[in-house]
Amino acid sequence: MAKDKTAFFCRECGAKSAVWIGRCPQCGAWNSYEQEVIHRSGSGQLKNLSTPKAVTMLMSNIECSAEQRIDLKDEELNRVLGGGLVLGSLVLIGGEPGIGKSTLLLQVALNCKDKRVLYVSGEESASQIKMRAERINKGGGNCYVLTETCVENIIERATEVQPQIIIIDSIQTMTTSDIDSSAGSISQIRESAARLGTYAKQSACPIIIVGHITKDGNLAGPKILEHMVDTVLQFEGERNYGYRIVRSVKNRFGSTEELGIYEMQSYGLRQVSNPSEILMSSSTENLSGTAIAATMEGNRPLFIETQALVANSYYSSAQKNATGFDLRRLSMLLAVLEKRVGVKIGGKDVFLNIVGGLKVSDPAIDLAVVAGLISSGEDVAINRRHCFAAEVGLSGEVRSVVRLEQRINEAAKLGFERIYIAKQGSKNPIAKRSDIEVISLGEIDQLLPYILS
Ligand code: TYD
Ligand code: MG
């Protein structure tokens, strides 16, 4: 019997080596090489799909019809993809188990009634998929189901059915018959994705691939998978909250700043078109420690409630804890408050919670956090009809943030009566408005009289 041929692959970047190496010469990762059986059938050549020979073309002669995109009948997903699914593109959607990837994609498959969709599952049986479809209650549409894990067979079926969208759930269960290593191994994932990518480009049929995420939050399989696809979407959410967020991490055909928000319901995922509704608690009472930030995620304003609790500490070392906010940034803001405003928080326990558990990257949330901390420390409530949009610097200065006009407009639209922003330069001052009071601050200590009055 012929001996199995093996090779070592880097878990991080997918580099291949004949022997085990402690440190990957390509990406520098330590102890990342794993042995895999890669015995290749036939002549040892990969059976390549017959790719037509490419010809060189003069740039000015290349015809460019406007990028053709498929409307997925899902506004959130369309926006995250940059306006729909581009023909011939390969989209990877990653997320933890149970977050709702299969549900989301099955919903897409059933919603696109005017498109032939091939839903390939390597994880569930056809009847399990049907059960889920009935739960979502969208009818069969034009959706074909295939339970198969061999990529060659999938491509063969696809050539028969000629689908307009293919969904692969998940890449970790796919294998190509040319490689003997088990499903989910680095070489299988890479080779399967490469085959699917070639098919997508040749047939112009977009393929959406599900990918699992490892414990440390990376897409399982080599990083190289992310390089091979056109778009990488991350599906995330806290288990304890009902809503889910789709974020684009890489997008060749659009911005990576957009967010799609859903809520998991008993009948599937509901699109949340007004996210502020879930990001602010329903309470109408003014409570100390609570401040509302006017943040932006991509082009969309999000009004987020921050809750701070400053309490006397009964332990030798005071605790600091933040949910949905960077702990180091919280420590920085506390130090600024102590040094520049003279608020004594040092020996106290500080807790910060972003309502809804959303992780916010927009620095405009700083001022709301600072206001919440002052409000809780002094035990005076901030009016719930006031909101904040500014970054706070190390010397206590209040800094301006991007798209201020848009934030102010949105705040006025949502019925806020006052918004705190950074002092504007004389170049482009914010026009005085009748619908909302705009308070410009230069330093954070100027905030005190407003909060404490
Ligand atoms: P699923 O799509 O199977 O997750 P993934 O493919 O990412 O592993 O989602 C499973 C979870 O979603 C499961 O815990 C049940 C829940 N769920 C609902 O709450 N409502 C529904 O209508 C469906 C279909 C699932
Ligand atoms: Mg699944």
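Our structure's up above, just so we're on the same page.
Keep in mind that this is a model prediction, so the values were computed, not measured.

Reading guide: rules and limits
- Residues numbered from 1 in each chain as written.
- Chains lettered and ligands numbered in written order.
- Predicted model: local features only at pLDDT ≥ 70, side-chain atom pairs only at ≥ 80, totals over all residues.
- Heavy atoms only, no water.
- Pairing = 2+ DSSP bridges.
- Helix = DSSP H or I, 4+ residues; strand = E, 2+ residues; numbered from the N terminus.
- Contact = heavy atoms within 4.5 Å.
- Axes fitted to C-alpha atoms, helices over the stretch in contact; angles between N-to-C directions.
- Near = heavy atom within 4 Å.
- Polar contact = N/O pair within 3.5 Å; in protein donor to acceptor, adjacent residues only side chain to side chain.
- Areas by Shrake-Rupley, 256 points an atom, 1.4 Å probe, with all protein chains shown as cover.
- Buried < 20%, exposed > 50% of the residue type's maximum accessible area, 1.4 Å probe, protein only.

**Examining the sheet that holds strand 2 (residues 16–17)**
- One open sheet accounts for 3 strands, arranged 2-1-3; its pairing is antiparallel. Each end of this open sheet is capped by a strand with a single partner; those strands are strand 2 and strand 3 (33–37).
- Pairing analysis gives 5 bridges linking strand 1 (residues 6–10) to strand 3, with the strands arranged antiparallel. Bridging from a neighbouring strand, Cys10 pairs with Tyr33 of strand 3.
- Together, strand 1 and strand 3 form the strand contacts of helix 5 (residues 186–203), whose direction differs from that of strand 1 by roughly 80°.

**Describing the site of ligand 1**
- If you check the shell around ligand 1, you find 15 residues, and the closest are Gly98, Ser102, Thr103, Gln265 and Gly268.
- Measuring from an oxygen atom of ligand 1, one finds a backbone N or O atom of Lys101 at 2.8 Å.
- Protein chains shield 75% of the accessible area of ligand 1, which is 560 Å² for the free molecule.
- For the shell around ligand 1, the elements supplying multiple residues, two or more each, are helix 2 (101–111), helix 3 (126–136) and strand 13 (259–265).
- Sort the elements by how many residues they give to the shell around ligand 1 and helix 2 lands first, with 3 residues.

**Some thoughts on the side chain of Gln188**
- Tracing the backbone shows Gln188 in helix 5.
- Classification of Gln188 by relative accessible area gives buried; the value is 1%.
- Within the local environment of Gln188, its side chain forms a polar contact with the backbone nitrogen of Thr176, the two atoms lying 2.9 Å apart.
- Within the structure, the side chain of Gln188 is placed 2.8 Å from the backbone oxygen of Ser181, a separation counted as a polar contact.
- Sequence-distant contacts of Gln188, defined by excluding residues within four places in its chain, comprise Met174, Thr175, Thr176, Ile179, Asp180, Ser181, Ser182 and Ala183.

**Here we look at the environment of Gly122**
- Relative to the elements of secondary structure, Gly122 occurs in the loop between strand 7 (117–121) and helix 3.
- C-alpha separation for the pair Gly122 and Gly197, spaced 75 residues apart in sequence, amounts to 18 Å.
- Look past the residues within four positions of Gly122 in its chain and what remains in contact with it is Glu148, Thr149, Asp169, Ser170, Thr173 and Met174.

**Quick word on the sheet that holds strand 15 (residues 290–297)**
- With mixed pairing, the 7 strands of this open sheet are ordered in space as 17-18-16-15-19-22-23. Whereas interior strands pair on both sides, the edge strands pair on one side only; in this sheet they are strand 17 (320–323) and strand 23 (437–441). The mean angle between the axes of side-by-side strands here comes to 25°, regardless of whether they run parallel or antiparallel.
- The pairing of strand 15 with strand 16 (residues 300–312) spans 8 bridges and is antiparallel.

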